[in-house]
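Observations on the model geometry
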Amino acid sequence: MPLQFTFVTSAKRYSDLPPTPCEAAFVGRSNVGKSSVINALANRRQLARVSNTPGRTQLLNMFVLPSGGTVVDLPGYGYAKVPGRERSTWQAMIEGYLLEREGLELVFVLVDGEIGPTKLDVQMLEWLRASGVPHTVVATKIDKVRPSKLATRKKELAKGCALEQGDIMWVSASKGTGIDQLQRHVDALLTP
Ligand code: GDP
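Quick summary incoming for the structure in this document. Everything numeric in this text was worked out from a predicted model, so none of it was measured.

1. Here we look at the overall build of the protein chain
A count of helices and strands for the protein chain gives five helices and seven strands. Listed by position from the N terminus, the elements making up the protein chain come as β-β-α-β-β-α-β-α-β-α-β-α. On the principal axes, the C-alpha backbone points of the protein chain span a range of 45 × 40 × 30 Å. In the protein chain, which comprises 192 residues, the share counted as buried stands at 45%. The contacts of the protein chain with a sequence gap of at least 6 include a subset with a gap of at least 24, amounting to 75%. Per element, the accessible surface of the protein chain, about 10000 Å² overall, is 50% carbon and sulfur.

2. Focus on the site of the ligand
For the ligand, the set of nearby residues contains 16 residues, the closest of which are K34, S35, S36, D143 and S174. With respect to the ligand, the side chain of S36 contributes an N or O atom lying 2.6 Å from an oxygen atom. Contact distances for the ligand include 2.9 Å between an oxygen atom and a backbone N or O atom of A173. Isolated, the ligand exposes 580 Å² of accessible area, and the fraction of that covered by the protein chains is 77%. Of the residues that constitute the shell around the ligand, the class distribution is three nonpolar, eight polar and five charged.

3. Description of the nonpolar core
In this structure, L74, Y97, L98, V109 and M124 are the most contacted members of the largest nonpolar core, which totals 31 residues. Among the secondary structure elements, those contributing two or more residues to this core are β2 (23-28), β3 (60-64), α2 (84-100), β5 (104-112), α3 (119-131), β6 (135-140) and α4 (150-160). Counting residues per element, this core draws most heavily on α2, which supplies five residues. Excluding residues that lie within four positions of it along the chain, M124 makes contacts with V27, Y77, W90, I94, L98 and V109. Core analysis: the next-biggest nonpolar cluster, separate from the first, contains 26 residues, L47, F108, V171 and L190 among them.

4. Focus on the pattern of salt bridges
What the rule picks out here adds up to eight salt bridges. The partner of R13 in a salt bridge is D16, with the nearest N and O atoms 3.2 Å apart. With a relative accessible area of 53%, R13 lands in the exposed category. As a salt-bridge pair, E114 and K144 come within 3.5 Å of each other at their nearest N and O atoms.

5. Concerning unusual backbone geometry
With an omega of -5 degrees, the peptide bond running from G116 to P117 counts as cis. In this fold, P117 is placed in the loop between β5 and α3. We note that K141 has phi near 60 degrees; this positive angle belongs to a residue other than glycine. Mapped onto the elements of the fold, K141 is located in the loop between β6 and α4.

6. Some thoughts on the sheet that holds strand β4 (residues 70-73)
Sheet architecture is open: seven strands sit in the order β1-β3-β4-β2-β5-β6-β7, paired in mixed fashion. This sheet does not close on itself; its edge strands, each paired only once, are β1 (6-11) and β7 (169-170). Against the sheet, helix α1 (residues 34-42) engages β2, β4, β5 and β6, with an angle of about 145 degrees to β2.

Definitions and limits used
- Residues numbered from 1 in each chain as written.
- Predicted model: local features only at pLDDT ≥ 70, side-chain atom pairs only at ≥ 80, totals over all residues.
- Heavy atoms only, no water.
- Helix = DSSP H or I, 4+ residues; strand = E, 2+ residues; numbered from the N terminus.
- Buried < 20%, exposed > 50% of the residue type's maximum accessible area, 1.4 Å probe, protein only.
- Contact = heavy atoms within 4.5 Å.
- Areas by Shrake-Rupley, 256 points an atom, 1.4 Å probe, with all protein chains shown as cover.
- Near = heavy atom within 4 Å.
- Polar contact = N/O pair within 3.5 Å; in protein donor to acceptor, adjacent residues only side chain to side chain.
- Nonpolar A, V, L, I, M, F, W, Y, C, P; charged D, E, K, R; others polar.
- Core = buried A, V, L, I, M, F, W, Y, C linked by side-chain atoms within 4.5 Å.
- Salt bridge = Lys/Arg side-chain N within 4 Å of Asp/Glu carboxyl O.
- Pairing = 2+ DSSP bridges.
- Axes fitted to C-alpha atoms, helices over the stretch in contact; angles between N-to-C directions.

This is the structure we're talking about:
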């Protein structure tokens, strides 16, 4: 079942977000397919912008579900073109959010199923682990992995993330693979 996302607000600072009873956040490297996954969860085309323009999606975007639970789309990390100053602003904003946000239940860390995890993904996972922030890895773009390579790729990706294979959810926003399962997961998480 598609999740009924309603856009609430975009904020530069996590402290400007309205309070929430429970929240799930999505984070990942730019171009990992995060907007596509969020759009697929809602079965909408343009909810989260699918865009490759650096620096234009540097905001926290918040959505509410009918249960009252909320979802936050965090800006993507790892644009080479973003200058150092902006990168550190990003870091402060995201780290502040992840450490301080009241009601944050789970962070979905999106990793590119074809090429991930990248160095930055590993850094993010290590930081979340060290900070005690609950998180789950979602591997994207499973349709881009050849079926003959899938078993090996799943093993490599899990190893790269220092996780068991069963801990990782695999999805394709393009083909809809695994989206149902992720919808149910988010729904269960955010239903009081
Ligand atoms: P974001 O920057 O993480 O929000 O990534 P986007 O959702 O904008 O997607 C980045 C690129 O990957 C776009 O060209 C998408 O069309 C493509 N993409 C996203 N999801 C999938 C997928 O499941 N399969 C394939 N093959 N391509 C995808």
